[in-house]
Each structure stands twice: as C-alpha cells, then as structure tokens.
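Results of the structural survey
Residue-level listing of the chains:
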Amino acid sequence: MSKIYKHQQRMISSQLIIVAIGFSIFVLLLVGLHVNKEREVAYRIQTLELLDVAADDFGSGLLGLSMTPDSNPLRQAYYVDRIQSALYSFTTVSERLNNIDLRDKFRALLRDFQSELNDEDDSLHLNDEAYSFQAQVHLLERQLMRNLIKDRENQQLWFFVSLLGTILVMSFIILAMLRSEYRRNRVELQLRQSEGRFLELAERINEIFWLEDLQLKKLIYLSPAFERVYGRPVADVVKNTNSWFDSVHPDDKDTVSALREQSLYKPVVMEYRIVRPDGSVRWISDRVFPIHLERDDPNGKASRLAAVASDITEHKELTQQLFVSQKMEALGQLTGGISHDFNNLLTVIMNNAELLAWQLADDDRLKRTAQLIIKASERGARLNQQLLAFARKQDLHPEIIEMRGLLEETVELLERTLPARILVNVDIDYDTAYLYVDAAQFQSALMNLCFNSRDAMSEGGELTISSTILTNSHCVEYLSISVSDTGHGIDETEINKVVEPFYTTKCSDKGTGLGLSMVYGFVTQSGGSLDIKSELGAGTRVHLTFPLSANTHQLLQATEPDEQLLSVDLRGKRILVVEDEELLLETTAKTLLRYGYDVATASTGAEALQLLQTDNQFDLVFSDVVMPGGVSGFDLKRHCDQFYPHLKVVLTSGYNDFNNPEAIDVLQKPYTQEQLSQVVHQQLAS
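Residues numbered from 1 in each chain as written. Predicted model: local features only at pLDDT ≥ 70, side-chain atom pairs only at ≥ 80, totals over all residues. Heavy atoms only, no water.

**Brief notes about the pattern of salt bridges**
As enumerated under the stated definition, the model contains 15 salt bridges in all. We note a salt bridge from arginine 454 to aspartate 455, for which the minimum N-O separation is 3.1 Å. Take aspartate 455: its relative accessible area is 31%, and that puts it in the partly exposed class. As a salt-bridge pair, arginine 574 and aspartate 615 come within 2.7 Å of each other at their nearest N and O atoms. You can see arginine 574 sitting in strand E13 (residues 574–578) and its partner aspartate 615 sitting in the loop between helix H15 (605–614) and strand E15 (620–624), a full 41 residues away along the chain. Taking the relative accessible area as the measure of exposure, arginine 574 reaches 22% and is therefore partly exposed. For aspartate 615, a relative accessible area of 21% corresponds to the partly exposed category. (Salt bridge = Lys/Arg side-chain N within 4 Å of Asp/Glu carboxyl O. Buried < 20%, exposed > 50% of the residue type's maximum accessible area, 1.4 Å probe, protein only. Helix = DSSP H or I, 4+ residues; strand = E, 2+ residues; numbered from the N terminus.)

Here it is, written out as structure tokens:
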C-alpha cells in the first residue's frame, strides 16, 4: 500500500511541476510580447518627438525667413538651413511611419512642398503652400498621437486580459487537480477502510483467504487462519508458495493437483485432507477462483488465483454420524419388518410342533422330531429377538434394578466363564444406584461386550469394568458403565460399522455380527447411549450411559407382582380369535380348542365387529394388533370396552413399533401354547 501511495504522490508532484512550468512559459511569453510592444511604443514616441522637433524647426524657419529683410542674406540662409533640416527630419519621420496610408500621404505632401520650394529663385518668400504644409504636419502629428494613445490602451488591455485569462485557466486547472486529488484521497481512504475491515474480518474468522500471483509466482495475501488450520507458519508459505501442498494427504495429492490445474481456467471446489505437523488429519473445503487481468485472454489461463478454504472436519464427522444413523434407522426398519413376518411364521411352526408333540405322545420317535422342530423355532425366536433388539423394537420388560448388585453378580459370573489368562478389574465408585431397565437384557448386553473383549485378547490381557455416576449441565444424573480391554483394537474405518447387524471383525466361525448390534438396540431403546473408542494395538473402550431413575419409589411399587390368581376351570368359555395371517389364525384356534375353549375366528377387525353385532356372547377376544381393513386391534378393544364392557380383550403382535398411547399389554410373538394358555386363563379368571 505504501508503494502505491508514494507512486501516486510522485505522479501528483510531476503534474504540478508540469503545470507550473507551462504557466511560467506562458507568462514569460506574455511579458515578452508586452516588452516588444513597449519597444514599439517607445519607437513611435521617438518618431513623434522627432516630428514635433522638425515641425518646430520648420515653423521657426518659416517665421524667421518671413521676418528677415532681403538685405540680410546670412540671416535668411540660417533660416533656410533650419527649414532644410526640418524637411530632412520629415523624410526620416516618413520612413518610420508604420501606417502605410499616413506614410504615403506624408511623403506626397513632402514632395509637393519640396517641388514648390525648388521653383523659387534666389529670394525665398513665404507663400500659401508653406503654411498649408505646416498645417498638414500638425494634423499628422495629432493623428499619430491619437493612434499611439489608442494602441497603448489596447496593448495594456490585451496584456491584462491575457494575464487574467491565464491566471483563471491555471486556477481552474489547479482546482481540477485539487478536486481530483480530493476524490483520490477519499477513494483511497475508503479503500483503506475497506481493506482494514477485510483484514479485521480475515484475521478473526476461521476461513482461510489467499491470493496468489501466478506470473510472479508470489503469494499476495494469506490470512492468519492458515496457521490455526494447517498448524504451519504463514512465513513458510510466503517464502515458498507451493509449500502448503506438502500438508496435503498423500492419497489426495493427485486429485488436488488435477483440480488446481482446472482452477486456472474456471472456478472449482475441492475437498481434501491435510496432515498437520502433530499428525492429526483435517478435512479442508477449498473454493478456488481464477482472476483474469485486462491483458489476459478471458478464455485462457488466469494471471491470479483467489481462494477461500475452511476446515470442515466437524461437518464431515457430523455428516458421517448422520449417514450412519440414517443407515442404522433404515436397517432397523428393514429388520423390524422382516421380524414381524418371521414372528408370525415362528408362531405357526412352534404351536403346530407343540400340537404334534402332544398328539404323538405315544410315539417317542415322532415326538422327538416334533421337539426338535420346537427347539429350532425357539432358536429362531431368539435370533429374531436379537434383530428386534438392534431395530429397537424388542418387547422389553423394564423394572427397577439396583445396579451395584447386578454388576457384581455379572462380574462373578464372568470370572467363572472367562479364561485365566484374562485379568478382570472392577471399579464401582458408588454404593447404590437404580436403573429402570430390563435386567436380563442389560446383563446379556454387558456379557456380550465382555465376550467381545475376551475374543480380542487371545493372548491374554486385562478387562476392566468401571461404573460411576455423572451429572450434566442440567443437573440430570446418568449412570456410566465402561468396558475396556487391552486387545488388538479396531481400525478407525470400522468403528462406525461394528454396530451394524451381521458385521463382525472376527473370523467367520467366531461371530454372527449380532452381538454389538443387539447391545446398541437395547441401550438406545432403554433411553441410553453407546460410544466406542478404539485404537489398533491399544485396545477398545465401550462406554454405556443410562439416565438414573428419579422416581424410584413409585416405580418399585408399580413393578410389584400381583397376587396369584386361583386356578379356575374355564373350559367352555367362548373366545373370538382375530388374525389376518391365515396359518396363524388356524393354529391359534387349534391351540385354544385343545384347552377346551369354544372358538370362533375372524380374519380382519371389521369382520370381527360384524360378528359381534350378531353374537356378543363371547367371553374374550384374542386379536392381532396390525391388520388390514382399517380396524386395528386397538380400535377393536376400544369398541369392545365401549359397547361390550363384559368382554375381555387380549392383544398380540410380532412387531412392537406402533402407537400405544394407553400402554395396553401386548403378548409378543412368537408365543408358545403354554404362554397363550396362561394369558387367556389370567384374563378370563381376573
């Protein structure tokens, strides 16, 4: 900026010098013309003086000659000489006259008088011609005097007008220059203020601004944010413009080089990674714009490059988390939908296998086959439960649990299960803490994490289970449970995948890929959070967080079991079974008929309502929740509660993802014949 300012100052000084020299030359020219005119005036004044002296001599000679008697020839000769001298002076005056008309007129008058003078004899006598000539000379003298005075006045007027005009013109030029200088200073001030605001903005925000001259291979400007983002001093890049490229991640250098070449012709946006001197990796978004100067070809290579770069590492991480969350949600919806249909099929298989086992009680071989089918269906039910746990749609049975006792019980079980090469450390820094969770699922999730740690420490190591109570900024207490190991760890690229179903880092014969996904689903469905930190060769740490129960007393009262219902013979009670799945409808009806109930069936909720209008003497309605036709199991229950209050309603579903504002108990599919019989019996006997 100082160089530009000094250059502008030199230009202004040069302009002022040129104007001063021009003004001086013009003034000197005017003065020279004026002096020349003054000389001409002085010459004309001398001419007039000469004419005046000649006229006096001529008049005195004529007067003396006329008064001198003829007897005095010497006196007459003296006066004649004076007249001759005057005539000679008149001749000189005629030569000096600038006015051609006056000069010719005077010369003609002089010739006429001399011719008259030469015609006289020895005696000279005054005549009319002499006095006429004298009168003409006086007239000429007065005319020359008037012309001289008039020219003198015109000359002075011209000089002063010219001088005044010159001063006015020069004043106008100087004022114009001052006005231009004022405007330039104002623009320069605005430019400085704008640059100051830009520099203040560039120094405070986290975006990196840089401007590079490609022809000079010089960095014009680089904002201080470069040091904060790249971790390198600006001076290094100022010395070597391309030194910033050394920070680019090796895997991204080819892409960055190609895009930078394109940026010489058109704007580009590039995202790449950099490696800071401390080894950390950051993501950079760089928007590069070519700048074409006036001498450049608009379609050719630019002379300068301008760019705005920003650190988008956090944005990338949030985007990745959002992507993982959306993917997990999509997988959850997929697995939940599949599990719903799978539960229906498992219920059919399980109940029909139980019917076969009951009917084939006398045939041990066939009964054994039926029992194998039952065991396989139970195993499928457990697998399906894991899928539902991942999808956060499993049927949980939360209760108030004292966590210190549950953790110590789990650790005792682990010490008997884990190999001796693994040292188990426990750190629980509270006496009592209560959680409202499903105890069995919590213990299963914790065991899953510990077994994963065991598999990661094939050569032995330390397994640490720690738990503490945390308080956030809103004074809400959380229970923190961490499981950490000294195993081989997990690669950074796999951290976000380990909770996906069927994804495993173990060998194909050592894992199903459902352990962590089940833990993730359970923790999320229970209102908690899961965080995994791992480093190759340094082990893994899984951190679980659950909100502590503030209303423990009320929840303990709510979870106390009811008194045992008396055994009542309920055979012959009428039951309406409502199920849209044909196979399951038939199987459920057969099971209830086996226990001695009178069974009627309907395939939709609307069909059940029509049946109740004609026959409302049923004792219980056993209905699926989600059914086609616009009438769900909840709608059917509300209708029965309103119009048939004596009628009990039991709902069942293989999918727990539905709106249940009244918190109605739902029998989860798949269920066994015994579970179905118990639920129906309790409802009819209550």
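**Focus: the confidence of the model for the protein chain**
Looking at the protein chain, pLDDT values average 77 and 79% of them are 70 or higher. Residue range residues 121–126 is modelled with pLDDT below 50. Its contacts to residues more than four positions away, or to other chains, number seven contacts. This stretch, residues 551–566, has a pLDDT under 50; its non-local contacts, to residues over four places away or in other chains, come to 12 contacts. (pLDDT = per-residue confidence, 0-100. Contact = heavy atoms within 4.5 Å.)

**Here's the deal with the packing of aromatic side chains**
In total, this model carries five aromatic pairs according to the counting rule given. Both rings, one in phenylalanine 226 and one in tyrosine 230, keep their centres 4.5 Å apart while their planes meet at 20 degrees; by these two values the pair is stacked. On the criterion of helical spacing, the pair formed by phenylalanine 226 and tyrosine 230 is a turn pair, its members being four residues apart in helix H5 (residues 225–230). The same class applies to phenylalanine 226 as to tyrosine 230, namely buried. A network of ring pairs unites the aromatic residues Trp244, Phe245 and Tyr272 as a single cluster. Over the ring of tryptophan 283 we find lysine 316, and its NZ or CZ is 4.5 Å from the ring centre. The ring of phenylalanine 618 has arginine 574 lying over it, and the distance from NZ or CZ to the ring centre is 4.3 Å. (Phe/Tyr/Trp six-rings, centres within 6.5 Å; stacked < 30°, edge-to-face > 60°. Lys NZ or Arg CZ within 6 Å of the ring centre and 35° of its normal.)

**Focus on the sheet that holds E15**
Remark on secondary structure: sheet strands pair via backbone hydrogen bonds, oriented parallel or antiparallel. The strand order E14-E13-E15-E16-E17 describes an open sheet built from five strands, whose pairing is parallel. Bordering the open sheet on either side are strand E14 (598–602) and strand E17 (666–668), each of which pairs with just one other strand. Strand after strand, the sheet turns through a mean of 25 degrees between neighbouring axes, direction not considered. Against the sheet, helix H14 (residues 582–594) makes contact with E13, E14 and E15, and its axis sits at roughly 170 degrees relative to E14, the strand it touches most. (Pairing = 2+ DSSP bridges. Axes fitted to C-alpha atoms, helices over the stretch in contact; angles between N-to-C directions.)

**Describing the side chain of aspartate 624**
Counting through the fold element by element, aspartate 624 comes out in strand E15. At a separation of 3.5 Å, a polar atom in the side chain of aspartate 624 contacts the side chain of lysine 669. (Polar contact = N/O pair within 3.5 Å; in protein donor to acceptor, adjacent residues only side chain to side chain.)

**Thoughts on the environment of leucine 651**
Note that leucine 651 resides in strand E16 (residues 648–653). By relative accessible area, which is 1% here, leucine 651 ends up buried. Sequence-wise, leucine 651 and valine 626 are 25 residues apart; in three dimensions their C-alpha atoms are separated by 9.9 Å. Not counting residues within four places of it along the chain, the set of residues in contact with leucine 651 comprises Ser623, Val625, Gly633, Phe634, Lys637, Ile664, Asp665, Val666 and Leu667.

**Some points on the environment of isoleucine 374**
With respect to the element layout, isoleucine 374 can be found in helix H9 (residues 364–390). Spatially, the C-alpha atom of isoleucine 374 lies 7.6 Å from that of isoleucine 349, the residues being 25 residues apart in sequence. In contact with isoleucine 374, other than residues within four places in its own chain, are Met350, Ala353, Glu354 and Ala357.

**What about the sheet that holds strand E2 (residues 218–222)?**
Taken in spatial order, the five strands line up as E2-E1-E5-E4-E3 in an open sheet, and their pairing is antiparallel. With one partner strand each, in any of the chains shown, E2 and strand E3 (268–275) form the two edges of the open sheet. Pairwise comparison of adjacent strand axes, ignoring direction, gives a mean angle of 25 degrees for this sheet. Two elements, E3 and strand E4 (residues 281–291), share eight bridges in a ladder whose sense is antiparallel. Pairing of valine 268 across the sheet is with valine 288, part of E4.

**Examining unusual backbone geometry**
For residues besides glycine, phi is generally negative; the peptide bonds are generally trans as well. For the bond from lysine 669 to proline 670, the omega torsion is -5 degrees, close enough to zero to count as cis. In this model, lysine 217 sits at a positive phi of 55 degrees, which is unusual for a non-glycine residue. You can see lysine 217 is positioned in the loop between strand E1 (208–213) and E2.

**Focus on the packing of H14 against helix H17 (residues 673–685)**
The N-to-C vectors of H14 and H17 enclose an angle of 65 degrees; their axes lie 10 Å apart at closest approach. When the axis of H14 is compared with that of H17, the two are roughly perpendicular. In this structure, H14 meets H17 at a crossing whose hand is right-handed. Contact residues: H14 offers Thr588, Thr591, Leu592 and Arg594, while H17 offers Gln673, Leu676 and Val680. Grouping the amino acids of the contact of H14 with H17 by side-chain chemistry returns three nonpolar, three polar and one charged. (Parallel < 35°, antiparallel > 145°, perpendicular 65-115°, else oblique. Left-handed = near helix turned anticlockwise from the far one by under 90°. Nonpolar A, V, L, I, M, F, W, Y, C, P; charged D, E, K, R; others polar.)

**Let's talk about the packing of helix H10 (residues 403–417) against helix H11 (residues 439–456)**
Direction vectors running N to C along H10 and H11 enclose 45 degrees, while the axes themselves pass 11 Å from each other. Considering their axes alone, H10 and H11 lie oblique with respect to each other. Considering the relative orientation of H10 and H11, their crossing is right-handed. For the pair H10 and H11, contact is made by Met403, Leu406, Leu407, Glu409, Thr410, Leu413, Leu414 and Thr417 and by Ala439, Phe442, Gln443, Leu446, Met447, Cys450 and Phe451, respectively. When the residues that make up the contact of H10 with H11 are grouped by side-chain class, the tally is 11 nonpolar, three polar and one charged.

**A few points about the pairing of E3**
Across the two faces of E3 the burial differs, with Val268, Met270, Tyr272 and Ile274 buried and Val269, Glu271, Arg273 and Val275 not buried at all. The hairpin turn running from E3 into E4, its antiparallel successor, is five residues long, and glycine 279 in that turn takes a positive phi close to 95 degrees.

**Some details on a nonpolar patch on the surface**
Together, Phe26, Leu29, Leu33 and Trp158 line one region of the surface with nonpolar side chains, adding up to about 370 Å² of accessible area. When residues in the nonpolar patch are grouped by element, the largest group, three residues, is from helix H1 (residues 2–67). Take leucine 29: it is sitting in helix H1. (Patch = residues over 30% accessible without salt bridge, like charges linked within 9 Å, V, L, I, M, F, W, Y side chains within 5 Å. Areas by Shrake-Rupley, 256 points an atom, 1.4 Å probe, with all protein chains shown as cover.)

**Here's the deal with the nonpolar core**
In this structure, Met403, Phe442, Leu463, Leu479 and Phe546 are the most contacted members of the largest nonpolar core, which totals 37 residues. Elements that contribute at least two residues to this core include exactly H10, strand E7 (422–428), strand E8 (434–437), H11, strand E9 (461–471), strand E10 (477–485), helix H12 (515–525) and strand E12 (539–547). Top element by residues in this core is H11. It accounts for seven residues. In this structure phenylalanine 442 touches Met403, Leu406, Leu407, Val437, Ile481, Phe522 and Phe546, once residues within four positions along its chain are discounted. (Core = buried A, V, L, I, M, F, W, Y, C linked by side-chain atoms within 4.5 Å.)

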